[in-house]
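# Residue-level structure breakdown
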Amino acid sequence: MSALPYADLLETDGEKLLVALRAALEAKGIVTPQEVAERIRITDQGSPAQGARMVARAWTDPEYRALMLKDGTAAAEALGIVMRGAPPLGVLENTADLHHLVVCTLCSCYPRAVLGYPPFWFKSAAYRARAVRDPRGVIGEWGTVLPEHTRIVVVDSTADYRWMVLPVRPAGTEGWSEEQLAAIVREGDMIGVTVPGV
Ligand code: FE
């Protein structure tokens, strides 16, 4: 490890492993430092604000909403979001009768291009187990109370397919601009632990 640049500044085993892996990939000509930098730049562009733009567009444009439900990746790309290298994106539409909650039961699979890095709790064993067992109880901990008649469906995000939720547009937002609408859509609304409100 002493041959690695700045090795003495690395603190955790994970950091040391990352630097060693990058050096090995670069030495073998599998990736260039520029490609790694480009990938990091693209990943860092991902944030809940990107998903919120999609939701706001879907709330105001029926054609876009139809595209988003049919092909989330194409809908993201239509708004200039870079989806290259990301698994396909599926979008789950919430209604008054049907509510979706997204979890990765295995690890932390998350649509990073449109929601950014997953929140810490999304990766926790507690959320991953309890979301499946007691979704109504789990979302209740966010203060989300749905009518008894609303069915809750838990959907597993995987390495091969990532999911986001298209929440119900709240009442009282009639006539709002896309920007105003996007501003009320939170990360949790697109995972399904919360619902947007005004
Ligand atoms: Fe995962």
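The structure we're discussing is the one just above.
The text that follows walks through the structure, step by step, so that each part is easy to find. (Residues numbered from 1 in each chain as written. Predicted model: local features only at pLDDT ≥ 70, side-chain atom pairs only at ≥ 80, totals over all residues. Heavy atoms only, no water.)

## Observations concerning the coordination of the iron ion
Note the cut-off: Sites may look incomplete, because water is not among the atoms used; the donor set itself consists of N, O and S atoms within 2.8 Å of the metal (3.2 Å for Na, K and Ca). Each residue is placed in one exposure class: buried if its accessible area under a 1.4 Å probe, protein chains only, is under 20% of its type's maximum, exposed if it is over 50%, and partly exposed if it falls in between.
Binding of the iron ion to the protein goes through Cys104 (SG), Cys107 (SG), Ser108 (N), Cys109 (N) and Cys109 (SG), at separations of 2.1 to 2.8 Å. Spacing between the donor residues of the iron ion along their common chain follows C-x2-C-S-C. On the accessibility criterion, cysteine 107 (33% relative accessible area) is partly exposed.

## A look at the nonpolar core
Rule in force here: We call a set of buried Ala, Val, Leu, Ile, Met, Phe, Trp, Tyr and Cys residues a nonpolar core when their side-chain atoms join them within 4.5 Å. Secondary structure follows DSSP: runs of H or I at least 4 residues long count as helices, runs of E at least 2 residues long count as strands, and numbering of each begins at the N terminus. Here a residue-residue contact requires only that any non-hydrogen atoms of the pair lie within 4.5 Å.
Ranked by size, the top nonpolar core spans 44 residues in total, and within it Met54, Met68, Val114, Tyr127 and Met164 carry the most contacts. Broken down by element, this core gets its largest block of residues, 6 residues, from helix α3 (residues 48-60). Ignoring any residue separated from it by four or fewer positions in sequence, one finds methionine 164 in contact with Gly51, Met54, Val55, Met68, Leu89, Gly90, Val91, Leu92, Pro111, Val114 and Met190.

## Details of the pattern of salt bridges
Filter applied, for reference: Between Lys or Arg on one side and Asp or Glu on the other, a salt bridge is scored when a side-chain nitrogen of the former is within 4 Å of a carboxyl oxygen of the latter.
Inspection of every chain in the model, using the stated rule, returns 5 salt bridges. Across the pair glutamate 38 and arginine 41 runs a salt bridge whose closest N-O atoms are separated by 3.1 Å. Placement of the pair is glutamate 38 and arginine 41 together in helix α2 (residues 33-45), with a separation of 3 residues, close to one helical turn. A relative accessible area of 31% places glutamate 38 in the partly exposed class. In this structure, the salt-bridge partner of arginine 186 is aspartate 189, at a minimum N-O distance of 3.2 Å. Among the residues examined, arginine 186 registers a relative accessible area of 42% and is labelled partly exposed.

## A word on the packing of aromatic side chains
Short version of the rule: Centres within 6.5 Å are what make two rings of Phe, Tyr or Trp a pair, Trp counting through its six-membered ring; a difference in plane orientation under 30 degrees is then read as stacked, over 60 as edge-to-face, and the rest as tilted.
Under the criterion given, the structure shown has 7 aromatic pairs. With 6.3 Å between their ring centres and 65 degrees between their planes, tryptophan 121 and phenylalanine 122 make a pair best called edge-to-face. The pair formed by tryptophan 121 and phenylalanine 122 is uniform in burial state, with each residue classed as buried. A connected cluster of aromatic rings, assembled from ring pairs, spans Tyr110, Trp121, Phe122, Tyr127 and Trp142.

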